[in-house]
Amino acid sequence: MRVVDDIKLTLDKTIMSRLLDTVFRLLCDNELKLAQLLHSRLFEKMKQKTDLRQFASQMLHTSRGPPPADWTIARFKSRNVAMQLTMIDFAFYQAVEVHECLTWSISQNEERCPNLTALTEHFNNVSNWVRSKLLEPDKRSDRDQVILKWVKVMKHLREMNNFSSLFAVLGAMDCAAVNRLPWPKEVAKGLEDHRRLIDSSHSFRFYRDTLDRSSAPCIPYLGLFLQDLTFINTGNTNRLDDNRECVNFGKRWRQFNVLCRIRQYQQQGYEGNFDKDIIQYFQGFREWVDEEDLYQRSLHLKPRGS
């Protein structure tokens, strides 16, 4: 039973086949209770895996229709917005199978990495949606209210150890269309510490140290793990140069360590309830303005030379 529990979300066809063979052998040995228990646990895991793949998408594509036109981010408590983002993010993150990350580092084949591709698309959609919302109001005072609200949301994301959405929102605020506009002084002060996380000096040392100190539950920024796996793959041969018959176990060990870190953060989720109003407001993060149109919007709000 412990083996099945530890498998979590990595049930591929081979493992599934072997476990079903074990159930059959237990039945043949007249171990009916044990066979029934293993069979039940096994299909619970399969159902959990299927549910996770569909869960986040179902939550985001709510059938309640578009939110009222007067709804803004200010309508909701900052912590509640952060929690809704975090619960959705974790559903996407937990559905990713570690072999997809290894496959991506070698071939970047989207078809072979469906859950990883879904997570990446979700991350980009969140970032694009946030930056569009930042420039949506016509009045500067309204825009200031929106961005200050998002700074508060980021504070809660940091407290929840959700580095995925934190990085997505940071990316939204650092885009050219948003960054060129005047913002309250409190914004720069509020972003100062968060921006240290995306400082790439010394191989993102500050972010890595922060992640190491973070306790579960936690959602890491998966992009850096993928970058590490890619560097390990391209910078090391599969066989030792002095003996082509010997596997380069040093490379395999480094890959294993990264994959273990990815899986480690999938083990413990977040406790909370979904807020239907906030989910409705998100609208699946589908309603966002492309980069060119967003910059034109920025120029409309603040013409060049003004």
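What comes next is a walk through the structure. Remember, predicted model here, so these are calculated numbers, not experimental data.

What the rule picks out here adds up to eight salt bridges. Notably, a salt bridge pairs Asp-144 with Arg-140, separated by 3.9 Å at the nearest N-O pair. Taken as a pair, Asp-144 and Arg-140 lie in helix H7 (residues 140–159) at a separation of four residues, close to a single helical turn. Look at Arg-140 and you get partly exposed, because its relative accessible area is 44%. The partner of Arg-196 in a salt bridge is Asp-193, and the shortest N-O contact between them spans 3.9 Å. Among the ionic contacts, a cluster of salt bridges with common partners joins Arg-158, Asp-193 and Arg-196.

In total, this model carries 13 aromatic pairs according to the counting rule given. Both rings, one in Phe-123 and one in Tyr-221, keep their centres 5.6 Å apart while their planes meet at 45°; by these two values the pair is tilted. Residue Phe-123 is found in helix H6 (residues 114–134), and its partner Tyr-221 is found in the loop between helix H11 (201–213) and helix H12 (222–235); the two are separated by 98 residues along the sequence. The exposure class assigned to Phe-123 is buried, which follows from its relative accessible area of 18%. Tyr-221 sits in the partly exposed class, given a relative accessible area of 27%. Each member of the aromatic cluster is reached from another via a ring pair, and the members are Trp-71, Phe-76, Trp-129, Trp-150, Tyr-281, Phe-282 and Phe-285. Between the NZ or CZ atom of Arg-180 and the centre of the ring of Tyr-295, over which it lies, the distance is 5.7 Å.

Here we come to the packing of H11 against H12. Two elements in contact, H11 and H12, have axes whose closest approach is 12 Å; the angle formed by their N-to-C orientations is 110°. Considering the angle they form, H11 stands roughly perpendicular to H12. With respect to the hand of their crossing, H11 and H12 are arranged in left-handed fashion. Mapping the contact onto sequence places Phe-204, Tyr-207, Arg-208 and Leu-211 in H11 and Leu-224, Phe-225, Gln-227 and Asp-228 in H12. Among the residues making up the contact of H11 with H12, the classes are represented as five nonpolar, one polar and two charged.

Reading the values: rules and limits
Residues numbered from 1 in each chain as written. Predicted model: local features only at pLDDT ≥ 70, side-chain atom pairs only at ≥ 80, totals over all residues. Heavy atoms only, no water. Salt bridge = Lys/Arg side-chain N within 4 Å of Asp/Glu carboxyl O. Helix = DSSP H or I, 4+ residues; strand = E, 2+ residues; numbered from the N terminus. Buried < 20%, exposed > 50% of the residue type's maximum accessible area, 1.4 Å probe, protein only. Phe/Tyr/Trp six-rings, centres within 6.5 Å; stacked < 30°, edge-to-face > 60°. Lys NZ or Arg CZ within 6 Å of the ring centre and 35° of its normal. Axes fitted to C-alpha atoms, helices over the stretch in contact; angles between N-to-C directions. Parallel < 35°, antiparallel > 145°, perpendicular 65-115°, else oblique. Left-handed = near helix turned anticlockwise from the far one by under 90°. Contact = heavy atoms within 4.5 Å. Nonpolar A, V, L, I, M, F, W, Y, C, P; charged D, E, K, R; others polar.

Scope: geometric values only; no functional claims are made or implied.
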